[in-house]
Amino acid sequence: MNPIATDFQHRHAAHCESGSATNLLTHHGVKLSEAMAFGLSSALSFAYLPFIKLIGFPLIAYRMPPKFILKGMKKPFQADFRFETFRAPEAGMRRLDELLAQGKVVGLQTSVFWLPYFPEDMRFHFNAHNLLVYGKDGDDYLISDPVTDQPQRCASADLQRARFAKGALAPKGLLYYLEGVGRTEVSPEAVRSAIRKTARIMLGPIPFIGVRGIRMLANKVAKLDTSEHSLNYVGHIVRMQEEIGTGGAGFRFIYAAFLQEAALITGNAKLAVLSDRLNEIGDGWRDFALKAARMIKGREAFEPKKLAGMLSTQAEGESEFFRALKTAVA
Amino acid sequence: MDVNDVPQEGNRTLGVHRKALYAKDADGKMVIVPSRGSEVDETVTMQAVHRLHALAEAARQRVLAGKSAPLEYWMYARRMDVALLSQVSGVWQWRIRRHFNPQRFEQLPPRILARYAEALGMTAAQLKTRP
């Protein structure tokens, strides 16, 4: 049998989780953009976690942890999400086929490394990638991977490997689908409370989260020597910011898009002004990335202090920005 | 970022794919713009890839010189390090390091070998081949 959810529409997105959530909810009749899903779940953040290492370098994230967006969709849309994990890979694949046969679109958490359609140079061991399966054709699953502009195909053996990869954030075959939604439109109150939450997270007291996290990273960069290892460290920061599906500038541009929509929904013009301000802050992050890349390429002398200075400026800019955001929705 | 500033200079690590970036169009509205990638992204991704290649190559030399076991080479070739291989295979890090000893590696029971092979996505026979 070759089941396929015929009316499913694949849409290109910047980020895998907000993209999957949006495409799934849209399939169920909700009017929603990726930026709105991202903002509504208060997914914007900053975290510098030196005690979690990724092949030798600390975890630097510009958003909240995996599954935060999916869970954040529950309340605003009264969305009845079902999550299932499996001990046996065979059971996980059987359940996926069963749901597809019922005509459902199914979300999966997978590793990036074992997905054959990913470009070779982009395949790292990252276990919290999200994609949707909307059908099956022979042994191939039809995949809507939000970060690719076209739908993809993946053989069942490869998909099974990707779903049951082990290690940090192991997906354990996680699949999710929607039983139904209670609301199809975004309410102004949900938008306001999501913005308040983001301001709270960014201005919070924990030293490695939010604005304080950016400052901590700036201090760390200021202390780097000019070795090869330091260059790799700086490259790692930029990779987390630009290369891992962030829509540019570590999600700052997506959030600016969300604030524009939020201004329309709530009728609060201050949010549109703040969207422009965040755009400028995003440009500051891109300047930082550009400067770092020039140093890595050897077009400019490697001066960690200069980069640290730019990060400090970003921290100050964001501190001021999120204070203003907090007052705007108070 | 302005729509016209969205980098399109091409990033070979993206292959045929394009990535979605958010930028401001002529009317001041934020929209999704597909990007062919930028030199900045390519620089940092290739830097990471090269670093892992260099680790694998150094391990390969050690294996050929009889100072390490093929396990170490294949670990880096699969873009892992000892900490990650330990998480994936469930073998303690200090044991993995011990198994880098060529003599010990030769005598590994099939059960342990199978765990490494499974973690690295290859057969036990492949794992034993010299790179």
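Residues numbered from 1 in each chain as written. Chains lettered and ligands numbered in written order. Predicted model: local features only at pLDDT ≥ 70, side-chain atom pairs only at ≥ 80, totals over all residues. Heavy atoms only, no water.

Quick word on the interface of chain B and chain A
Taken together, the contact between chain B and chain A spans 41 residues of the former and 50 residues of the latter. Both sides of the chain B and chain A interface together cover about 3900 Å² of buried area, and 56% of this is carbon and sulfur. Applying the counting rule to chain B against chain A returns five salt bridges. Close ionic contact of Glu-39 of chain B with Lys-297 of chain A constitutes a salt bridge, the shortest N to O distance being 3.5 Å. For the pair chain B and chain A, the interface holds 18 residue pairs in polar contact (both at pLDDT 80 or more). (Contact = heavy atoms within 4.5 Å. Buried area = accessible area lost by both parts, 1.4 Å probe. Salt bridge = Lys/Arg side-chain N within 4 Å of Asp/Glu carboxyl O. Polar contact = N/O pair within 3.5 Å; in protein donor to acceptor, adjacent residues only side chain to side chain.)

A look at the packing of aromatic side chains
All names here are of chain A. Considering all chains together, one arrives at 16 aromatic pairs over all chains under this definition. Between Phe-8 and Tyr-134, the aromatic rings sit 5.2 Å apart at their centres with planes inclined by 20°, giving stacked as the arrangement. A residue pair is termed long-range when its members are at least 10 positions apart, and Phe-8 in the segment before helix H1 (16-27) and Tyr-134 in strand E5 (residues 129-137) qualify at 126 residues. Residue Phe-8 is classed as buried on the basis of its relative accessible area, which comes to 11%. Classification of Tyr-134 by relative accessible area gives buried; the value is 14%. Consider the rings of Tyr-62 and Trp-285, whose centres lie 5.6 Å apart with planes at 85°: the pair is edge-to-face. Of this pair, Tyr-62 sits in strand E2 (residues 57-63) while Trp-285 sits in helix H11 (residues 269-296); the two residues are 223 residues apart in sequence, bridging distant segments of the chain. Note on Tyr-62: relative accessible area 1%, which makes it buried. Residue classification places Trp-285 among the buried residues on the basis of a relative accessible area of 0%. An aromatic cluster is built from Phe-46, Tyr-62, Trp-285 and Phe-288, whose rings are joined through pairwise contacts. Positioned over the ring face of Phe-83 is Lys-67, at 5.5 Å from the centre of the ring. (Phe/Tyr/Trp six-rings, centres within 6.5 Å; stacked < 30°, edge-to-face > 60°. Helix = DSSP H or I, 4+ residues; strand = E, 2+ residues; numbered from the N terminus. Buried < 20%, exposed > 50% of the residue type's maximum accessible area, 1.4 Å probe, protein only. Lys NZ or Arg CZ within 6 Å of the ring centre and 35° of its normal.)

Topic: the nonpolar core
Residues and elements named next belong to chain A. Core analysis: the largest hydrophobic core is formed by 93 residues, its most contacted members being Ile-195, Leu-259 and Leu-271. Sort the elements by how many residues they give to this core and H11 lands first, with eleven residues. Counting 28 residues, the second-largest nonpolar core is a separate cluster that includes Leu-96, Leu-115, Leu-159 and Leu-175. (Core = buried A, V, L, I, M, F, W, Y, C linked by side-chain atoms within 4.5 Å.)

Overview of helix H10 (residues 252-266) of chain A
Residue and element names in this part refer to chain A. Its 15 residues give H10 an end-to-end C-alpha distance of 21 Å, which sits within 8% of 21 Å, the value for a rise of 1.5 Å per residue. Burial within H10 is extensive, with twelve of its 15 residues counted as buried. Looking at H10, one finds that the buried residues are Arg-252, Phe-253, Ile-254, Tyr-255, Ala-256, Ala-257, Phe-258, Leu-259, Gln-260, Ala-262, Ala-263 and Thr-266. Remark: Gly-267 follows H10 within two positions and exhibits a positive phi of approximately 70°. (Expected span 1.5 Å × (residues − 1).)

Regarding helix H2 (residues 70-77) of chain B
All names here are of chain B. Of all eight residues in H2, seven are buried, a share of seventy percent or more. Pro-70, Leu-71, Glu-72, Tyr-73, Trp-74, Met-75 and Tyr-76 are the residues of H2 that are buried. Taken together, the buried residues of H2 touch helix H1 (39-64), helix H3 (82-89), helix H4 (93-99), helix H5 (102-106), helix H6 (110-120) and helix H7 (124-128). One or two residues past the end of H2 sits Arg-79, with phi positive at roughly 60°.

Quick notes on unusual backbone geometry
Residues and elements named next belong to chain A. For Leu-169, which is not glycine, the phi torsion reads 60° and is therefore positive. In this structure, Leu-169 sits in the loop between helix H6 (156-163) and strand E8 (175-178). What makes Leu-169 partly exposed here is its relative accessible area of 47%. The phi dihedral of Phe-251 is positive, around 70°, even though this residue is not glycine. Structurally, Phe-251 can be placed in the loop between helix H9 (228-243) and H10.

What to know about the sheet that holds strand E6 (residues 140-144) of chain A
All names here are of chain A. Taken together, the six strands give an open sheet; going across it, the order is E3-E8-E4-E5-E6-E7, and neighbouring strands pair in antiparallel fashion. The two strands at the open ends of the sheet, each matched to only one other strand, are strand E3 (81-84) and strand E7 (152-155). Neighbour-to-neighbour, the strand axes of the sheet open up by a mean angle of 35°, direction not taken into account. Along the sheet, H1 contacts E3, E5, E6 and E8; its crossing angle with E5, the most-contacted strand, is approximately 45°. Those strands touched by H6 are strand E4 (106-110), E6, E7 and E8, and its axis lies near 90° from that of E7. (Pairing = 2+ DSSP bridges. Axes fitted to C-alpha atoms, helices over the stretch in contact; angles between N-to-C directions.)

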